[in-house]
Amino acid sequence: MNTRDDFVNSPTPNLPTSTTNIESNPSDLIIQHEPIAEASKLPEPEGKSATHSGFVSSDPAEWIIKDTTIEILLARDINQNLDCDFTKTRIFYEPGKFRSLNKNNFKRKLKNGEEYDRKYLIYSPSKKSLFCMPCRLFGGKSSLAKEDGCNDWKNINQILSSHENSKDHHICQKAMLDRSRGNARVDNTLCSQIDTEIQYWKNVLKRVLAVIKKLSSRGLAFRGHDERFGSSHNGNYMMCLELLADFDPFLANHITTRGNPGKGNTSYLSSTICDEFINLMAKHVTNKIVNEIKQCKYFSIVVHSTPDISHIDQLSFVLRYVKDGTPVERFLRFLPKVGHKSENMEDTVLSFLENLGIDINNCRGQSYDNASNMSGAYTGLQARIVKHNSLAMYVPCSAHSLNLVGSCAAECVPEASEFFNTIQTIFTFFAASTNRWNIFTSSLKNGQTVLKRANGTRWSSKHDACKSLATCWTEVIQSLSKIRDDMMEKPATWSESKGYIDQINNFEFVFMTIFWNTLLERFNATSKSLQSIKIHLETVVHLYRSLTDFVIQLRNEVMFEEFINKARQSISEEYKIDMKRAKTRSLLPGETRKNETKPQNGKDNLRINVYYPILDCIQIELKKRQLAYTEVAERFDFLQHLNNFEADIILKKAEHLQMLYKDDLDDNFLTEVLHFKEYEISNFEQFIEQKLEQTFPNIFIALRMFLSMAVSNCTAERSFSALKRIKMYLRANLLEEKLNALSILCIENRITNELDFDHLINDFSQLKARKELH
């Protein structure tokens, strides 16, 4: 398989002998119609020569009208010189009054309000006047076609309106259009052949791009063991091309004639071309995201790290911003070998933003996990970023904080820690043997789920483990009993199964299963909501507060008795502590047992030493974690609940917010807030739907900053899943450039699927062009 497709040695059939100076290279043929990409970079020659080595000045006053000039100008885009300084065109008509050219003169406004660009106009920096390109090139008679152009700025609008409706201008426009289409060219036949060749290769590249887009957007591998069509080991890329060829005669013919020609022949199907398109597509996706961020202005930083399959630490970099009223989180890149020191992360984050051209001063939030190198108040990454931008508020990951609440609660009492450890060991006992697993699964009824792991750090893993055990507790007991009574099993297996039966076949364990299943079900649902991209700080505060209220409602004897009754339906109410013989303390001389405290019974022990401590620990941790979000949310909460506050409180809160963001909100913010109170707006979506951003621009800015604050790093963690699929054990040596290209195409697959084929092919042709213009 050829490793480089440069359209080498691909002669165009039946070309006239007069074309010997054109290289027989289709990639060069593609750029024949777009020489401006190279011509515009040539240095301007001295003097006012119209042409020099293929160069034509962008100043229409310097044109020498002849066929060569017309050919070069029509082969490239029109440069209207709009970036020139139009203040130099000032003409004073009387003291204190002057007129000059402005960019509005380059637009034509119709009666219905629509505007169109006057693309035929070109400004001359040397003459400080306007020219009409068609009339200048094809013998127009108006002032816009003469050597000095037109600079009557006082009457320029009337002149342009009269000119573009004149018959003389229409004739010149038609002449330019016919010439640009090749109708008046002597080499019209050659152009037709070149266009046919260009269209052929474009059709090939469109099919190649379609395959690359689908494979990359799903994170699938491209390469196989070999790169030859017809082989069963040629990988997904060639397999997809072969699949398309079964239903596409054009591609089938191309593969047959050019599919396996060997090195040095053109096919555009090689791995080299595939990799070039992957990098080009990734660049387009990155540029689109960066342009959106610059346009939306405010953003938040989300970073998180994980080791990949080759033991290289990858730092996932994600930015959150608000687009069209909706929060958006975009993955940008994996940064390898950054290290775990906060100073190294600081340098990496700042340099990466600088390379993208994104201003750190527009950052309004940071969200990391609770690791000290990230969230440290003095030397952590968030503290170092705040030194560069004091408005980059740190918000700890809300989902990760909830996981920490669960971890703390699961370890607050020995009974809770023992409960989850027992669930995990029972799962391991069944999963370690196919025979034991088969015994267990064969006892399940329809609708029951198998046992799940309980050693994960997420609420969902513990919830799934408790839920599965709660639904099939009887079947687990039956399976363990069957294994214990099986004489064909090893003695160690008998002993293990008997021990597990003793651990779970008691009232306390059943109570804990029902209690934790109820508690974790609510926490798991909340955790999933916290992982949503569209969630914002106010919602996080409400969710944490609702969980706290839920836990408080559980902490009473009525709910405790409710769990007792549910457990009693599965097993008799016998407590292990009551079945043990009570220890009696020996009395010292002179002591009596009259005032001696009676030991707690099993029920009281479960309620006082297990049930209440778990709920108290969760309640305390939730309130502590909630403070980190309440402090920031209270700065903006009055904007969405203006009717709940008095006018003086609203003004005080608005003034505080305006002083905090004095470079973003002007003094009109206070009056806008009072005016905005009259509108019944409950969320940001209604604000956008009613198009109030022009009426309340400062409130629009404040809401954008508020919604751009990231409240979780879940998007960064989701990128780790794509990393595991892309850089797996079969592709452990994948280079960083290709890894990042495939990662952004996969993670941001919606943008990938929106890429335009023609745009990519045009950019690709410019990158591959090597022919110099003469």
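Residues numbered from 1 in each chain as written. Predicted model: local features only at pLDDT ≥ 70, side-chain atom pairs only at ≥ 80, totals over all residues. Heavy atoms only, no water.

**Examining the overall build of the protein chain**
Helix and strand counts for the protein chain stand at 33 helices and 13 strands. When each of the 774 residues of the protein chain is scored for burial, the buried share is 48%. Partitioning the intrachain contacts of the protein chain with sequence separation of at least 6 by distance along the chain shows that 68% fall at a separation of at least 24. When the accessible surface of the protein chain is summed, it comes to about 39800 Å², and 49% of that surface belongs to carbon and sulfur atoms. (Helix = DSSP H or I, 4+ residues; strand = E, 2+ residues; numbered from the N terminus. Buried < 20%, exposed > 50% of the residue type's maximum accessible area, 1.4 Å probe, protein only. Contact = heavy atoms within 4.5 Å. Areas by Shrake-Rupley, 256 points an atom, 1.4 Å probe, with all protein chains shown as cover.)

**Some points on the packing of helix 21 (residues 537-554) against helix 24 (residues 602-633)**
At a minimum axis separation of 9 Å, helix 21 and helix 24 run at an interaxial angle of 160 degrees. Between helix 21 and helix 24, the angle is such that the two are roughly antiparallel. Of the two possible hands of crossing, helix 21 and helix 24 adopt the one that is left-handed. For the pair helix 21 and helix 24, the contacting residues are Leu537, Glu538, Val540, Val541, Tyr544, Arg545, Leu547, Thr548, Val551, Ile552 and Leu554 in the first and Tyr611, Leu615, Ile618, Gln619, Leu622, Lys623, Arg625, Gln626, Tyr629, Thr630, Val632 and Ala633 in the second. Considering only residue class, the contact of helix 21 with helix 24 consists of 15 nonpolar, 4 polar and 4 charged. (Axes fitted to C-alpha atoms, helices over the stretch in contact; angles between N-to-C directions. Parallel < 35°, antiparallel > 145°, perpendicular 65-115°, else oblique. Left-handed = near helix turned anticlockwise from the far one by under 90°. Nonpolar A, V, L, I, M, F, W, Y, C, P; charged D, E, K, R; others polar.)

**Looking at the sheet that holds strand 13 (residues 393-394)**
The 5 strands lie next to each other as 11-10-9-12-13, forming an open sheet whose pairing is mixed. Each edge of the open sheet carries a strand with a single partner, namely strand 11 (326-336) and strand 13. Relative to strand 13, strand 12 (residues 363-367) runs parallel, the two being bridged by 2 bridges. When the bridges of strand 13 are listed, Gln366 appears paired with Tyr394. (Pairing = 2+ DSSP bridges.)

**Structural notes on the nonpolar core**
Counting 103 residues, the largest nonpolar core has Val476, Trp516, Leu519 and Phe669 as the members making the most contacts within it. The leading source of residues in this core is helix 20 (residues 507-530), at 12 residues. Residue contacts for Leu519: discarding those within four places in its chain leaves Phe550, Val551, Leu554, Leu615 and Ile618. The next biggest cluster of nonpolar side chains, apart from the first, holds 79 residues, and it includes Phe277, Val349, Leu350 and Ile751. (Core = buried A, V, L, I, M, F, W, Y, C linked by side-chain atoms within 4.5 Å.)

**A few points about the packing of helix 15 (residues 414-431) against helix 20**
Between helix 15 and helix 20, the shortest axis-to-axis distance is 11 Å and the interhelical angle comes to 90 degrees. In terms of axis orientation, helix 15 runs roughly perpendicular to helix 20. Contacts from Glu415, Ala416, Phe419, Phe420, Thr422 and Ile423 of helix 15 reach helix 20 at Phe509, Met512, Thr513, Trp516 and Leu520. Its residues assigned to classes, the contact of helix 15 with helix 20 comprises 8 nonpolar, 2 polar and 1 charged.

**Points about the confidence of the model for the protein chain**
Considering every residue of the protein chain, the mean pLDDT works out to 84; 87% of them sit at 70 or more. The low-confidence segment residues 1-53, where pLDDT is below 50, has 125 contacts with residues more than four positions distant or belonging to other chains. Across residues 770-774 the pLDDT falls below 50, and counting only partners more than four positions away or on other chains, this stretch makes 13 contacts in the model. (pLDDT = per-residue confidence, 0-100.)

**Things to note about the state of the cysteines**
Taken as a whole and judged by the stated rule, the model has 0 disulfides. A disulfide-free cysteine, Cys408 has its sulfur positioned 3.5 Å from the sulfur of Cys617, the nearest such atom. (Disulfide = S-S within 2.5 Å.)

**Structural notes on the side chain of Ser712**
For Ser712, the position within the fold is in the loop between helix 29 (697-708) and helix 30 (714-726). Judged by its relative accessible area of 2%, Ser712 is buried.

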